[in-house]
Amino acid sequence: MSRICELTGKGRQVGHNVSHANNKTKRTFLPNLQNVTLLSDALERSIKLRVSTHGLRSVEHNGGLDNWLAKTSDDKLSLKARRLKRDVVKKRAAATAAA
């Protein structure tokens, strides 16, 4: 399983461990990923995702998964998040057309 946030696409970064003698060795910095279940009001179901804690805070700050997807541009989203956004937009359009 790759260590990439399914919402933001945030992945690993590469850097150095630096010793007291200034020796540098390669290392990786991994994002803090959590398995979460987010509720979608438009889709009326829960969605299991592997999300970074930064991405999870952003979702909560914007008032839920549907609002966060609507406010975020497609180029900042991962493939799975773009598919979710497309489904949410379709459901919202169908709901407004029916009302």
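Structure: above.
Residues numbered from 1 in each chain as written. Predicted model: local features only at pLDDT ≥ 70, side-chain atom pairs only at ≥ 80, totals over all residues. Heavy atoms only, no water.

Two strands pair when backbone bridges link them, and strand β1 (residues 13-18) and strand β2 (residues 24-29) are joined in this way by six bridges, in the antiparallel orientation. Bridge assignment links Val18 to a residue of β2, and that residue is Lys24. (Pairing = 2+ DSSP bridges. Helix = DSSP H or I, 4+ residues; strand = E, 2+ residues; numbered from the N terminus.)

Time to look at the nonpolar core. Of all hydrophobic cores here, the largest spans 18 residues; its most connected members are Leu7, Leu49 and Leu69. For this core, the elements supplying multiple residues, two or more each, are β3 (33-40), β4 (45-52), α2 (65-71) and α3 (79-98). Every residue in contact with Leu49, bar those within four places of it in the chain, is listed here: Glu6, Leu7, Gln34, Asn35, Val36, Leu38, Lys80 and Leu84. (Core = buried A, V, L, I, M, F, W, Y, C linked by side-chain atoms within 4.5 Å. Buried < 20%, exposed > 50% of the residue type's maximum accessible area, 1.4 Å probe, protein only. Contact = heavy atoms within 4.5 Å.)

Checked against the element boundaries, Arg50 lands in strand β4. The charged side chain of Arg50 is buried without a salt bridge, its nearest counter-charge being Glu6 at 7.1 Å. Among the polar contacts listed, one links the side chain of Arg50 to the backbone oxygen of Ser2, at a separation of 3.3 Å. (Lys, Arg positive; Asp, Glu negative; His and termini not counted. Salt bridge = Lys/Arg side-chain N within 4 Å of Asp/Glu carboxyl O. Polar contact = N/O pair within 3.5 Å; in protein donor to acceptor, adjacent residues only side chain to side chain.)

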